[in-house]
Amino acid sequence: MAFEDTICAPASAPGGALAIIRISGAEAVAAASALWRGRRPLAELPARYLALGTLYGADDTLIDRSCLAVRMPEPHSYTGEDLVELHCHGGALTMHLALQGLLSHGCRMAEPGEFTKRAFLNGKLDLSQAEAVADLISAGSAQALKLANIQLEGSFGRQIKQEYEQIIQILTEIESRLDFPEEDLELDWLSPQQLQNNIAALLLRLEKLLASRRRGEIMRQGLNLAIAGPPNVGKSSLLNVILGQERAIVSEIPGTTRDSIEASVSLRGIPIRLIDTAGLRHSGDAIERIGMQHSRTNLARADLIFWVMDASQPLAEQLGNEELPPDKVIYVANKMDRLPEAPKSNPGDFSRGKLFYTCALDGSGLERLYDELGARVWQGTGSESGEFCVSARHADCLQKAIAELQAALPMIEDQAWELAAANMQQAMVQIGEIIGENVSDRILDAIFAKFCIGK
Ligand SMILES: Nc1nc2c(ncn2[C@@H]2O[C@H](COP(=O)(O)OP(=O)(O)OP(=O)(O)O)[C@@H](O)[C@H]2O)c(=O)[nH]1
Ligand SMILES: [Mg+2]
């Protein structure tokens, strides 16, 4: 697809050592050549060859004496069009003047994600791969990065493309019965039973993909895990030993932690935001009370809670008055080294179920606590670790497609071909939306608006 205008944008964040500007479109080389001068003209440089030159502004003012330029001719570029990159010294002014120069030579500023949108529209990437580019940039954990890379590699898109073509095949079969109702073509047609079998097999594959949704959400977004409980039981000490660094202040004075402290960690493959909270108790201290309010807010937004108590003290008195949802809370009895004798089993039992013994001084008991955490989080998420997991948008499309395919089955049974065709068409639209087949501008705009400028 040829676009009329040539776009430019900063491709590096302000404040770095280098300022990288990207230019894409039919006039990319001409516009960049108006600003950049090297020993050889830009248009004559070998493709993908980085050459040193001087960068001038709109009115021929010197911007940067040493600016590298590279041209990547279509179709072997990121966008599939002629693409030029200028790498000059970092600095807000060099970037600003260079962009101004390009605008005065006929370029326009790119919208967020427009380079990737062009790559998609030029067939360089399918829509799921284009989304993976944004995921890769915004990945906040090793797990999210891994998923983005699997998606970018394209095997997920290829599987969806196959399913899309399978739906079209079935739809064509059904529609041929609408087109030639009178003719005796039955011999060439699949039987209704065969059509149903094909749809059933398709459903199984799509349902398997859909089942990875929860795992995908966890891996991409992570979970909030609050460490809460009465004061002085060792909550901050646990945070520190889990992180392997002295992040929170620990002291023997109850009420040490006032403000909630957050840190990121990966436990049993789960990206976790760990939140240490102020101990909950009756207190006359105004600041401590504000801290406790924060603790309660954090408890409410937590996906999981370690409710920590002192193993050497009566537990019933340490349960507090908080409403703790049983599916979210894991009870921890810390300071197990202070027990007169070692617990018979870990986890043990108490009035509210399992009790995990730990010692924050040496980290003992933590592995069992992590096992419980992993089991709770991954339980029922359906897919295996290491497999690709669908995103919320893909899952939404899959769910709608599955409903349409399920609705088509009885229609085929009844030989209500028109209704069956309508269901198959809807299924086709939904599956196509995942990879960008016949997708509307509205959907594309919504997806690419989430990108950063210059990507
Ligand atoms: N013996 C023993 N002492 C511990 C253990 N964990 C923490 N402590 C000690 O208990 C005291 C309180 O620890 P903190 O980690 O500050 O406790 P906290 O629950 O964060 O307290 P607040 O912030 O006041 O709510 C410190 O003196 C720690 O060294 C443990 O497992 N065994
Ligand atoms: Mg503390």
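Here is what the cut-offs are and how they apply
Residues numbered from 1 in each chain as written. Chains lettered and ligands numbered in written order. Predicted model: local features only at pLDDT ≥ 70, side-chain atom pairs only at ≥ 80, totals over all residues. Helix = DSSP H or I, 4+ residues; strand = E, 2+ residues; numbered from the N terminus. Rg over C-alpha atoms; globule rule 2.2 N^0.38 Å. Buried ≥ 20, exposed ≤ 12 C-beta atoms within 10 Å, placed from the backbone. Contact = placed C-beta atoms within 7 Å. Axes fitted to C-alpha atoms, helices over the stretch in contact; angles between N-to-C directions. Parallel < 35°, antiparallel > 145°, perpendicular 65-115°, else oblique. Left-handed = near helix turned anticlockwise from the far one by under 90°. Near = placed C-beta within 6 Å. Nonpolar A, V, L, I, M, F, W, Y, C, P; charged D, E, K, R; others polar. Core = buried A, V, L, I, M, F, W, Y, C linked by C-beta atoms within 7 Å. Pairing = 2+ DSSP bridges. Domains from an automatic or database assignment. Expected span 1.5 Å × (residues − 1).

Once that is clear, we can look at the overall build of the protein chain. From N to C terminus, the protein chain includes 14 helices and 14 strands. What you see for the protein chain is a C-alpha radius of gyration of 30 Å, clearly larger than the 23 Å of a compact globule of 455 residues, by over 25%. Based on the C-alpha atoms only, the size of the protein chain along its principal axes is roughly 80 × 80 × 35 Å. Residues classed as buried in the protein chain amount to 40% of the 455 residues present. At a minimum sequence separation of 6, the contacts of the protein chain that also span at least 24 residues come to 65%.

Turning our attention to the packing of helix α3 (residues 114-121) against helix α4 (residues 127-138). Axis separation between α3 and α4 bottoms out at 9 Å; the angle between their running directions is 160°. Between α3 and α4, the interaxial angle falls into the category roughly antiparallel. The way α3 lies across α4 gives a crossing that is right-handed. On α4, the residues that touch Thr116, Ala119 and Phe120 of α3 are Leu127, Ala130 and Val133.

The subject of this paragraph is the site of ligand 1. Of all residues adjacent to ligand 1, which total 23 residues, the nearest are Gly234, Ser236, Ser237, Thr257 and Gly279. For the shell around ligand 1, the element with the highest residue contribution is helix α9 (residues 235-243), accounting for 3 residues. Considering only residue class, the shell around ligand 1 consists of 8 nonpolar, 10 polar and 5 charged.

The next point concerns the nonpolar core. Counting residues in hydrophobic clusters, the biggest one holds 112 residues, and the most contacted among them are Ile23, Ala32, Leu86, Ala98 and Val332. The element that contributes the greatest number of residues to this core is helix α13 (residues 417-435), accounting for 8 residues. If we skip the residues at most four places from it in the chain, Val332 touches Phe306, Trp307, Val308, Met309, Phe356, Thr358 and Leu369.

For the rest of this paragraph, the subject is the sheet that holds strand β11 (residues 304-310). Here 7 strands make up an open sheet; going across it, the order is β9-β10-β8-β11-β12-β14-β13 and the pairing mixed. Two strands close off the open sheet at either side, each with one partner strand: β9 (261-267) and β13 (348-350). Averaged over all pairs of adjacent strands, the angle between their axes in this sheet comes to 35°, without regard to strand direction. Of the strand pairs in this sheet, β11 and strand β12 (residues 329-334) are connected by 6 bridges, and their pairing is parallel. Of the residues in β12, the one forming a bridge with Val308 is Val332.

Attention now moves to the sheet that holds strand β7 (residues 108-109). In spatial order, the strands read β3-β4-β5-β6-β2-β1-β7; together these 7 strands make up an open sheet with mixed pairing. Of all strands in the sheet, those with a lone pairing partner are β3 (36-38) and β7, marking the two edges. Sheet strands in contact with helix α2 (residues 92-104) are β1 (7-10), β2 (18-24), β4 (51-56), β5 (62-72), β6 (83-89) and β7, and its direction is about 15° off that of β2.

Where helix α12 (residues 392-413) contacts α13, the axes come no closer than 8 Å and their chain directions differ by 165°. Here α12 is positioned roughly antiparallel relative to α13, judged by the angle of their axes. Crossing angle aside, the handedness with which α12 passes α13 is left-handed. Contact residues: His394, Cys397, Lys400, Ala401, Glu404, Leu405, Ala407, Ala408, Met411 and Ile412 in α12; Leu419, Ala420, Asn423, Met424, Gln426, Ala427, Gln430, Ile431, Glu433 and Ile434 in α13.

With 3 bridges connecting them, β3 and β4 associate as antiparallel partners. In the sheet register, Arg37 faces β4, and the bridge partner there is Thr54. As paired strands, β4 and β5 are joined by 5 bridges and run antiparallel to one another. Following the sheet pairing, Leu55 is matched in β5 by Asp64.

This part covers the environment of Arg376. Tracing the chain through its elements places Arg376 in helix α11 (residues 366-378). Since 17 C-beta atoms lie within 10 Å of it, Arg376 is described here as partly exposed. Measuring from C-alpha to C-alpha, the distance between Arg376 and Phe120 comes to 39 Å, with 256 residues separating the pair along the chain.

Attention now moves to the domain arrangement of the protein chain. Under the domain assignment, the protein chain is made up of domain 1 (7-110), domain 2 (130-212 + 389-448) and domain 3 (222-378). One C-alpha centre belongs to domain 2, the other to domain 3; they are set 45 Å apart. If you look at the interface, domain 2 gives 5 residues, while domain 3 gives 4 residues.

Our next topic: the environment of Leu210. Within the fold, Leu210 resides in helix α7 (residues 192-211). Residues contacting Leu210, with those up to four places away along its chain left out, are Val390, Ala395, Leu398, Gln399 and Ile402.

Here α13 spans 27 Å end to end across 19 residues, near enough to the 27 Å set by a 1.5 Å rise per residue. Residues of α13 that are buried include every one of Ala420, Ala421, Asn423, Met424, Ala427, Met428, Gln430, Ile431, Gly432, Glu433, Ile434 and Ile435, and no others. Summarising the contacts, the buried residues of α13 are in contact with α4, α6 (155-179), α12 and α14 (441-448). With its phi angle positive at about 90°, Gly436 sits one or two positions after the end of α13.

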